[in-house]
Every structure is written in C-alpha cells, then in structure tokens.
Amino acid sequence: MLFSFFKRKKTKNLHTIAFYNVENLFDTEDDPDTLDDDFTPGGFKKWSKKRYKKKLYKLAKTMSELGKESTRRLPVLIGLAEVENEKVVKDLIFSEPLRATNYHYVHYDSPDERGIDTALIYHKEYFEVIFSEPITLLVYNPNGERDTTRDILYVHGKLNGEEIHVFVNHWPSRRDGEMATGYKRVRAAEIIREQMEKIEREYSSPNYIIMGDFNDDPQSESIQKLMESNALYNPMEKLLSPERGSANYKRSWSLFDQIMVSHNFFNYEKGTHSFAHANIFDERFLTEFKGKFKGTPYRTYAGRKYIGGYSDHFPVYIQLKYNA
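Let us look at the structure shown here. Quantities reported herein were computed from a predicted structural model and do not represent experimental measurements.

1. Observations concerning the overall build of the protein
Here's step 1: Helix and strand content of the protein: five helices and 17 strands.
Here's step 2: Over its C-alpha trace the protein gives a radius of gyration of 19 Å, about what one expects of a compact globule, namely 20 Å for 324 residues.
Here's step 3: In terms of overall dimensions, the protein has C-alpha extents of about 55 × 45 × 40 Å along its principal axes.
Here's step 4: Going through the 324 residues of the protein one by one, you find that 57% of them count as buried.
Here's step 5: If you take every contact in the protein between residues at least 6 apart in sequence, the share linking residues at least 24 apart comes to 71%.
Here's step 6: Just so you have it, the protein exposes about 14,900 Å², and 47% of that area is on carbon and sulfur atoms.
Here's step 7: A distance of 9 Å separates the average location of the 48 positive side-chain charges in the protein from that of its 48 negative side-chain charges.

2. Considering the pattern of salt bridges
Here's step 1: Overall, the coordinates contain 15 salt bridges when judged by the stated rule.
Here's step 2: Arg 150 is the salt-bridge partner of Asp 112, the closest N and O atoms lying 3.0 Å from each other. With Asp 112 in the loop between strand E4 (103-107) and strand E5 (117-123) and Arg 150 in the loop between strand E6 (127-135) and strand E7 (152-159), this residue pair connects regions lying 38 residues apart in the sequence.
Here's step 3: By relative accessible area, Asp 112 is classed as buried at 7%.

3. Here's the deal with empty space enclosed by the protein
Here's step 1: Using the criterion set out here, one finds one cavity of 30 Å³ or more in the structure.
Here's step 2: Roughly 40 Å³ of internal volume is contained in the largest cavity.
Here's step 3: Contributions of two or more residues to the lining of the largest cavity are made by E5 and E7.
Here's step 4: Classifying every residue of the lining of the largest cavity by side-chain character gives four nonpolar, two polar and two charged.

What counts as what
Residues numbered from 1 in each chain as written. Predicted model: local features only at pLDDT ≥ 70, side-chain atom pairs only at ≥ 80, totals over all residues. Heavy atoms only, no water. Helix = DSSP H or I, 4+ residues; strand = E, 2+ residues; numbered from the N terminus. Rg over C-alpha atoms; globule rule 2.2 N^0.38 Å. Buried < 20%, exposed > 50% of the residue type's maximum accessible area, 1.4 Å probe, protein only. Contact = heavy atoms within 4.5 Å. Areas by Shrake-Rupley, 256 points an atom, 1.4 Å probe, with all protein chains shown as cover. Lys, Arg positive; Asp, Glu negative; His and termini not counted. Charge placed at Lys NZ, Arg CZ, Asp CG, Glu CD. Salt bridge = Lys/Arg side-chain N within 4 Å of Asp/Glu carboxyl O. 1 Å grid on protein atoms, 1.4 Å probe; cavity = no way out; pocket = protein on both sides within 12 Å on 5 of 7 lines; lining within 4 Å. Points joined across faces, edges and corners; volume = space filled by probe spheres on them. Nonpolar A, V, L, I, M, F, W, Y, C, P; charged D, E, K, R; others polar.

Just distances and angles here, no functional claims.
So, in structure tokens, the structure goes:
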C-alpha cells in the first residue's frame, strides 16, 4: 500500500517529513489555567511520572523509525499535535532514542482550553528556521462564544538550503458532530488560503508543506476548500481505504492525519526537492495485537483504562528526494 514515484531504495538524498498526533502528551503537573486535571497524579486517569516517561520513550522510538528503512536517518521535520507545552516537546526530543540527534523545535502556547498545542521538531543539520508564528484560528460556536481551539503553527525555513513554508495544524474536533462542526474546519482552510495569498505576494512560486490532524478526510469539504487554489497536491488521497487509515473510530478508518505539498515538489532542478512517496506508518508494533480492536492504533488510554500504548493515531509521512 505504498504510493511512490521512485523505487524504494536507500539513498542519502531521501528525507522524511512526518506528522504525528501523539494523543494527550501531558506532563504530570497541574496547570491552573487549563483543563488538564485528568492528566495529573490525582486525576481520574492517575497520570504518573512513570507513565509519562513510558509514553515519551514509546513516542520517541516510533519517531526514530519513521522512514528509516529507506533513508538510514531520522526525519528532518516532524509536526506534532496534542502536546501540552514546551516542556513536553523538550522532554520528547531528549528521550532515547532521539537524544543523540541534533533536534530542536518550534512551539507556541495556544488558547485551547485543555492546553494542547501543535509543534514542529526539526533536524538542525538539514533545516534552518527563518521565521515562525502562531496563526490564530478565530471560530465561534452557534451561541456566539469563541471556540478556543488550537492555533495554526507557521514556520518559514530552509530545508537543505531550499526555502519552504510549513503549516502545522490541529483543526477543531468533531466532538459535537461532523455536520455541526464542519464550518469551523472550512474556516481553518480559508485562513490557510489567506496566509498563502500573503506569502505569494512576497515570494514567487513558494514551496508549501501543510500537515496536521485536520479532523476531516481528504474528500471532506474543508480539505477540498484548501485544495481549490490548485497550488497543492495531496498524496494522502491514495492511501485511505476501508481497510486502512491513521485512526479508527467504531471500526471505521479515517485519514484525518495528512501532509500536502505544493506542485513545486515535482520539479527536478538541482538544489530542489522532489516528492518521492507518502505512507501511513502503521507498523504492527503500533497496533492492538488481538481482540476486537486488532490492527487499530494501540493507544495510551481506552476511556478511563490505562493500557500503556503509543497513540490513538498512526503517524503519516512523506519523503522528498534532494536533487544534488
């Protein structure tokens, strides 16, 4: 189930870019300004330092394996969703087996009421940050109150010297129903389109990488709104099937986790990057081994019950070939 324009072979010029919703990566301390009480030692989930460290190791181990089979190296960029704060991102990149890699990160606190944010981890040997900022996602509930959801993280940088514009997303959830909340995700798509228009007034033919947990599938209205500019290509459209996705709810697969790229990544000029392939990282060690949920993501909690898994989402990734 691999979508590819290049034969899979080990090459020093192949680079992995990934996105991972890490499912409630909270530290154990109570933040009085957010609704994080469940993830404290005294909360109903009995979140402890031991459980926190175990989760950090499992996530770090997963991230270290992303694309490694064909690149021989760790990812150059990893977008994250559901991280509580800067501390947990720092703890993650200093966990084994990531500790020895020259990783740094971009993170901003968002207004999300639970305190969960997005972040971007980057390999300093291959990526340089030029500018970054959180982009506020202003959406409102039917009663007129603001939905204090996650910001969109924007990072402008250089990958192997080539400038790229990265957006890391965690769009409003479907908690109150797909139809009832769809307008919020459409608005998120519109905001990114507006940001792209600003970028295009300053830069000619910019390179985009737009990743995230969009809480919508590739064919959903919000994603199609994002694709209307014809500036983007979504390789994830080829990956979703009744038997495969990045998350599973009521025994039905979804592919809310996606990475889109601009069409520039289909050129082959020296000093640029070309799209190679995309995939869902759904290796067996990340899945439930048995029972009615066999093959679905092996999560940290099932309701209130601690089961000690990784996340309720599989990571997704793309690989770019650097044209030396």
